[in-house]
Amino acid sequence: MGKILVTGVTGHLGRIVLDKLLGKVPASSVKVLVRDEAKAGPFKQLGVEVAIGSYDDKSSLVNAFKDVDKLYFISGNDVAKRGPQHENVVGAAVEAKVGHVVYTSFQRKNETSTSPIYFVASTHLLTEDLLKSSGLKYTILKHAIYTEMIPIFAGDKIFETGVIFQPAGDGKSALVLRSDLAEAAVAVLTGEGHENRSYELTGPEAVSYADIAAKISAITGKNVSYVSPTPEVFAAELAKVGVPSEYIGLFAGFSVATKEGEFANVSTDLEKLIGRKGGSVGEYLQQVYGGK
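Residues numbered from 1 in each chain as written. Predicted model: local features only at pLDDT ≥ 70, side-chain atom pairs only at ≥ 80, totals over all residues. Heavy atoms only, no water.

I'd like a rundown of the layout of surface pockets, residues and numbers included.
Estimated volume of the largest pocket: approximately 1600 Å³. Along the walls of the largest pocket sit 46 residues, with Ser75, Gly76, Asn77, Arg82 and Tyr146 positioned nearest its centre. With 5 residues, the single largest contributor to the lining of the largest pocket is helix α11 (residues 245-259). Broken down by class, the residue content of the lining of the largest pocket amounts to 20 nonpolar, 17 polar and 9 charged. There is about 560 Å³ of room inside the second largest pocket. In this structure, the second largest pocket is lined by 18 residues; those nearest its centre are Ala154, Gly155, Lys157, Leu238 and Val241. Mapped by element, the contributors of at least two residues to the lining of the second largest pocket are α6 (150-154), α7 (158-161), β7 (163-165) and α10 (231-240). Class assignment of the residues belonging to the lining of the second largest pocket gives a composition of 12 nonpolar, 3 polar and 3 charged. (1 Å grid on protein atoms, 1.4 Å probe; cavity = no way out; pocket = protein on both sides within 12 Å on 5 of 7 lines; lining within 4 Å. Points joined across faces, edges and corners; volume = space filled by probe spheres on them. Helix = DSSP H or I, 4+ residues; strand = E, 2+ residues; numbered from the N terminus. Nonpolar A, V, L, I, M, F, W, Y, C, P; charged D, E, K, R; others polar.)

Residues and numbers for the side chain of Thr147, please.
By the secondary structure assignment, Thr147 is in the loop between β6 (137-143) and α6. If sequence neighbours within four positions are ignored, Thr147 has contacts with Leu175, Val176, Leu177, Val281 and Tyr284. (Contact = heavy atoms within 4.5 Å.)

Summarise helix α13 (residues 281-289); cite the residues concerned and give the values.
Each α-helix winds once per 3.6 residues, and so residues spaced three or four apart point in a common direction. Burial in α13 covers these residues: Val281, Tyr284, Leu285 and Tyr289. Down the axis of α13, the sector holding all buried residues measures 105 degrees, keeping them to one side. Set apart from the buried face of α13 by more than 90 degrees, the exposed residues are Glu283 and Gln287. Buried residues along α13 sit against α6, α7, β10 (207-208) and α9 (209-220). (Buried < 20%, exposed > 50% of the residue type's maximum accessible area, 1.4 Å probe, protein only. Arc of directions from axis to C-beta.)

Would you mind going over the nonpolar core in detail, with residue names and values included?
Membership of the largest hydrophobic core comes to 33 residues, with the highest contact counts inside it found for Val17, Phe43, Tyr72, Leu141 and Leu201. Taken together, the elements giving at least two residues each to this core come down to β1 (3-6), α1 (12-22), β2 (30-34), α8 (178-190), β9 (197-201) and α12 (269-274). Considering every element that reaches this core, the biggest residue donor is α8, with 7 residues. With residues near it in sequence (within four places) discarded, Phe43 still touches Val9, Thr10, Arg15, Leu18, Val32, Val34, Val48 and Val50. (Core = buried A, V, L, I, M, F, W, Y, C linked by side-chain atoms within 4.5 Å.)

Give me the lowdown on empty space enclosed by the protein, citing residues and values where you can.
Summed over all chains, the structure comprises 1 cavity of 30 Å³ or more. Taken as a whole, the largest cavity holds about 130 Å³ of empty space. Around the largest cavity, the lining comprises 17 residues; the ones closest to its centre are Phe153, Ser173, Leu175, Tyr209 and Thr258. When contributions to the lining of the largest cavity are tallied by element, the ones reaching two or more residues are α6, β8 (172-173), β10, α9 and α11. Sorting elements by how many residues they give to the lining of the largest cavity places α11 first, with 3 residues. Residue composition of the lining of the largest cavity, by class: 11 nonpolar, 5 polar and 1 charged.

I'd love a proper account of the packing of aromatic side chains, names of residues and values included.
In the structure shown here, the tally under the stated rule is 7 aromatic pairs. Ring geometry for Phe159 versus Tyr289: centroids 5.9 Å apart, planes at 80 degrees, classification edge-to-face. With a gap of 130 residues between them, Phe159 in helix α7 and Tyr289 in helix α13 connect regions that are remote in the sequence. By relative accessible area, Phe159 is classed as partly exposed at 28%. Given the relative accessible area of 5%, Tyr289 is considered buried. Taken together, the ring pairs in this structure connect Tyr55, Phe73 and Tyr103 into an aromatic cluster. Above the face of the Phe159 ring, Lys222 is positioned so that its terminal group lies 5.0 Å from the ring centre. (Phe/Tyr/Trp six-rings, centres within 6.5 Å; stacked < 30°, edge-to-face > 60°. Lys NZ or Arg CZ within 6 Å of the ring centre and 35° of its normal.)

I'd like a rundown of the pattern of salt bridges, residues and numbers included.
For the coordinates displayed, the defined rule picks out 12 salt bridges. Put simply, Glu49 and Lys31 hold a salt bridge, and the shortest N to O gap is 3.7 Å. A residue pair is termed long-range when its members are at least 10 positions apart, and Glu49 in strand β3 (residues 49-52) and Lys31 in strand β2 qualify at 18 residues. In this structure, Asp156 and Lys157 form a salt bridge, with 3.8 Å as the shortest nitrogen-oxygen distance. We classify Asp156 as exposed; its relative accessible area is 69%. For Lys157, a relative accessible area of 45% corresponds to the partly exposed category. Here the residues in one salt-bridge network are Lys3, Lys31 and Glu49, joined through shared partners. (Salt bridge = Lys/Arg side-chain N within 4 Å of Asp/Glu carboxyl O.)

Structural data, given as structure tokens:
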């Protein structure tokens, strides 16, 4: 049997997956992909095999994927380059005869160009189509928005302003913890019967920004409210304080998508994979804001 290869191990999700995987299988059964030899040391110390490769270089991926039975394929974070990069990954997996590819995609409702986040969605949809037509065995993990994104969307001046300012209306998101997504990934990588299936991985409840503001207020005893401006007002206010336009567009896109219900569906797929409900938003907020 070949090895399990984990990509993205220098990032948050990939490292959690690696750590959880090493709790289930011996290090000798695991390989990781890193772009830079200088970052290989800590992983070699864990006893796993380290392959050097880049999503930009298909030949490096073909070499890295040799003797790999299962590939945990974390989507690239460079949206502009992600389409060609993902074509390289799928093509290399075919050429190296990888047994099974597990891909991190995203939760959605609208798959057309009218989606407020189509600029992000398009490459995920492309990659899913590539996998389905590749002849490879695959599992598609449709991730909800990370719960850990709340402080980023809420902003670091939440207690100075007393406001969460996002154009999401009354929309709700079934936010999910990275650690729960990692546990689900390991269940797929080490289990059976997941070939050619898609799972929608969400938290146990859908919450709005108003809900989040109320929870933070209750935890801290400080009044935090939620204001939902128009996307135009949102963009203008962020531009005033020097937020780069690309980040403004990203934040606005996800908030408008939230308003339109893109992330509101609550699925039981995560619970079925890990044998319990995912962690709650309230528990996470207590950890983050409990000492504020």
